[in-house]
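Breakdown of the fold
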Amino acid sequence: MPAVHHKLLLEDALQDSPQTRSLLSVFEEDVGMLTDYTNQLLQSMQRVFGAQSEMGLATEQLSKQLLEYEKKNFALGKGDEEVITTLQNFAKTVGELNALHSELANQMADSMVFPLIQFREKDLTEISTLKEIFAIGTDEHEAAMVKYSRLPKKKENEKLKADLVKEVAYTRRKQHQASLQYYCALNALQYRKRVAMLEPMLGYTHAQISFFKKGFELVSKKMDSFLASVSNMTQSIQAQLDSEAEAMRVSHRELLSVEDTVYMPDKDTEPVNRTLIQKAGYLNIRNKTGLVTTAWDRLYFFTQGGNLMCQPRGAVAGGMVLDLDNSSVMAVDCEDRRYCFQITSPSGKTSMILQAESKKEYEEWICTVNNISRQIYLTDNPEAVAIRLNQTAIQAVTPITSFEKRQDGSPNPDRAKPGGVHTTSSGSQKTGVAPEPEDLIAPGTPIQFDIMLPASEFQDQNRTGGRRTNPFGETEDDCSTETDDSLLQQVFAVRFLGSMAVRCGDNQEVIYEAMRQVLAARAIHNIFRTTEAHLMVTSSSLRLIDPQTQVTRLSFQLGEVCQFAAHQENGRLMGFVVEGRDWSDGDEEGEPSFSAFVFESNTEGEKICYTINLAKEITEAKKDPEALAQLMKNMPLTNDGKFLLLEPETGDTTEGAGQEDLESEA
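Throughout what follows, the structure given in this document is the object of discussion. (Residues numbered from 1 in each chain as written. Predicted model: local features only at pLDDT ≥ 70, side-chain atom pairs only at ≥ 80, totals over all residues. Heavy atoms only, no water.)

1. With respect to helix H5 (residues 359-373)
Using the following cut-off: Secondary structure elements are defined from DSSP: runs of H or I of at least 4 residues count as helices, runs of E of at least 2 residues count as strands, and each element is numbered from the N terminus. Helices are assigned an expected span. That span is 1.5 Å times one less than the residue count. Note on classification: 1.4 Å probe, protein chains only; a residue is buried when its accessible area is under 20% of the maximum for its type, exposed when over 50%, partly exposed between these limits.
Counted at 1.5 Å a residue, the expected span for H5 with its 15 residues is 21 Å, and the 21 Å between its end C-alpha atoms agrees. Counting buried positions along H5 yields 14 of 15 residues, so the element is predominantly enclosed. Taken from the residues just after H5, Gln375 is the one with a positive phi, measuring 65°.

Take a look at the structure:
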């Protein structure tokens, strides 16, 4: 280390020459620069110490956070057991490193920051203090010399002169002592500043070396094998990621290479699958927002077992909307929207209107709900049953508007059995063993969905004894009077769903099988229009009247109605069987023939059946005046005794005339 060449000579302190003063100014300038540099260096070292302290706190927080991974219970965390174990080992290692970082921070504080602070507070502050004392001593000496220099030479005052001499000597001694201390401190500072610059960095370096040594021992001795296993694990995961990324890139290219029709609604190229027992997708549902206003919401629907589920966007799980067992589904004409269909619960109290985005989706949803409503999902092989039922339905139902003869198809033993039934007819009979569907209705029997047909065509092929009027309302028997129907006259608002020829009229099951086939045919062939009509029940006949023109479209004598029943599950469905005669074989008496008619009412079908049953009782009672009188005596009448009181119709219809309070004219 080279020696210090520049120093203040203590021998020159008493003389205080300008040369000495010039050299002193150089020392003082050097002290000022050293003070500024020391402050900057201390600030940098304190920043390093603060960073190291923050490093210790950060590593401690990191160790705690690594242990939190196991407590998060990620929903997709299956298979993370190995990762959890590895993170726990890392947390332990980071905790040990945190101890080393804390020790390093303490060493920096003791061996780096503290020595420099001590140098600034002790040495530099001492120089500043001695400089002020030297300046005061110099000023006092100058003032004493000024006073001494003003002593007069003619009139010498020995006492004053002696006092000034003493004052000058005192101030000169004081300045000399201050200058000696100041010069010694400045000379010593040239050595102390070198120590002050080197000592903190020496302590910092030793602290870092100690830290790295302990860290190397920790890593090399305890973690070589562990780090190697972690490295292998990360490489394996990266390889899996690369493989998956390549597979996703290939799949991405394939998915983007499809035709534009995939993105277009109602551009399905695949055929409709009518044998589905599960279905999922987005549908629009109509919701009532006011008395006359509605809104459509797009929601995700799916079937689960026998239930229709709905899951709004963002929801974790779906909720049940409707039980599809024994429900009915049919296409409907809804406002100005396409592809709408309606699902109605068995009780008829709950219904919803949905809209699909394409014709294929629309038909598959209808077929799926229809398949589920038959509960074929509970069978051992529901797919096979659905295929057989679909083939049978296609062969057995065809949407034609007349009863054209077709060859009978082969019986189908897999046809679904009728649903639960209920009848109010007193003349209904039940057999001990449920008949097969082909025993009730011939396979392939055509179905009529419209009653507005030429009279001759309908009478010849399906009326089976019923009477039909011409479009002008002139009946074949204009001479009939109101007295025939005077005992009972009840009007119900109904919608004609369909009719078909059946094989028997003495079994109520034929009505339920006809209901099933008519509803299935409407669903399969997307027939959603229905014929509104008024069904008038009198004590002698059943009449189907056009509600707008009041023209009687169909009329059957009450004796021709051999069966009538309402569906047990869907109370709004009812039907009846009419017996007629077929003279096509030349037989004078004619062979008996039967036709089933299916209706949907605005009220409960049981009320219609009750009224028909009451009309039959009145008809039977007409043969015996005493029995008729007894029957009328037991019937509730109005106060004037003119009308029979029946339970008013509670449906939601507002069709106009004939739909007010339902009464019977006596």
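2. Describing the packing of aromatic side chains
Our working rule: Think of it this way: a Phe, Tyr or Trp ring, Trp meaning its six-membered ring, pairs with another when their centres are within 6.5 Å, and the plane angle makes it stacked under 30 degrees, edge-to-face over 60, tilted otherwise.
The final tally for this structure, using the stated rule, is 13 aromatic pairs. The interplanar angle of 50° and the centroid separation of 6.2 Å between the aromatic rings of Phe134 and Tyr183 together place this pair among those described as tilted. Residue Phe134 is found in helix H2 (residues 81-149), and its partner Tyr183 is found in helix H3 (residues 158-222); the two are separated by 49 residues along the sequence. Grouping residues by exposure puts Phe134 and Tyr183 together as buried. A ring pair is formed by Tyr300 and Phe302, whose centres lie 6.2 Å apart and whose planes are at 40°; its orientation type is tilted. Of the residues examined, Tyr300 reaches a relative accessible area of 28% and is grouped as partly exposed. The exposure class of Phe302 is buried, given its relative accessible area of 17%.

3. Some points on the packing of H2 against helix H4 (residues 224-256)
Heads up, the condition is: Lines are fitted to the C-alpha atoms to define the axes, a helix being fitted only along its stretch in contact, and any angle between axes, read from their N-to-C directions, falls within 0 to 180 degrees. Handedness of each helix crossing follows the sense of rotation of the near helix against the far helix: counterclockwise by less than a right angle gives left-handed, clockwise gives right-handed. Note on definitions: a residue-residue contact is assigned when non-hydrogen atoms from the two residues lie within 4.5 Å. When residues are grouped by polarity, Ala, Val, Leu, Ile, Met, Phe, Trp, Tyr, Cys and Pro land in nonpolar, Asp, Glu, Lys and Arg in charged, and all others, Gly among them, in polar.
At a minimum axis distance of 12 Å, the contact between H2 and H4 shows a crossing angle of 145°. For the element pair H2 and H4, the recorded crossing hand is left-handed. Taking contact as the criterion, the partners of Glu82, Thr86, Asn89 and Phe90 in H2 are, on H4, Phe226, Leu227, Val230 and Met233. The class makeup of the residues in the contact of H2 with H4 is 5 nonpolar, 2 polar and 1 charged.

4. Thoughts on the sheet that holds strand S7 (residues 351-355)
Our working definition: At least two bridges found by DSSP between two strands are what make those strands a pair.
With antiparallel pairing, the 7 strands of this open sheet are ordered in space as S4-S3-S2-S1-S7-S6-S5. Looking at strand neighbours, the two that pair on one side only are strand S4 (319-323) and strand S5 (328-331), the edges of this open sheet. Ignoring strand direction, the axes of neighbouring strands in this sheet form an average angle of 40°. When S5 meets strand S6 (residues 340-344), the two strands line up antiparallel, connected through 4 bridges. When the sheet's bridge partners are listed, Val329 is paired in S6 with Ile343.

5. With respect to the pattern of salt bridges
To be explicit about the condition: We count a salt bridge whenever a side-chain nitrogen from Lys or Arg sits within 4 Å of a carboxyl oxygen from Asp or Glu.
A full pass over the atoms with the stated rule returns 19 salt bridges. Here Glu60 and Lys64 are joined by a salt bridge, their closest N and O atoms 3.9 Å apart. Taken together, the positions of Glu60 and Lys64, both in helix H1 (residues 18-68) and 4 residues apart, correspond to about one turn of that helix. When the shortest N-O distance is used, the salt bridge between Lys147 and Glu167 registers 3.8 Å. In this pair, Lys147 sits in helix H2 while Glu167 sits in helix H3, placing the two residues 20 residues apart along the sequence. Exposure remark for Glu167: the relative accessible area of 29% places this residue in the partly exposed category. The network of salt bridges with shared partners includes Lys279, Lys360, Glu361 and Glu364.

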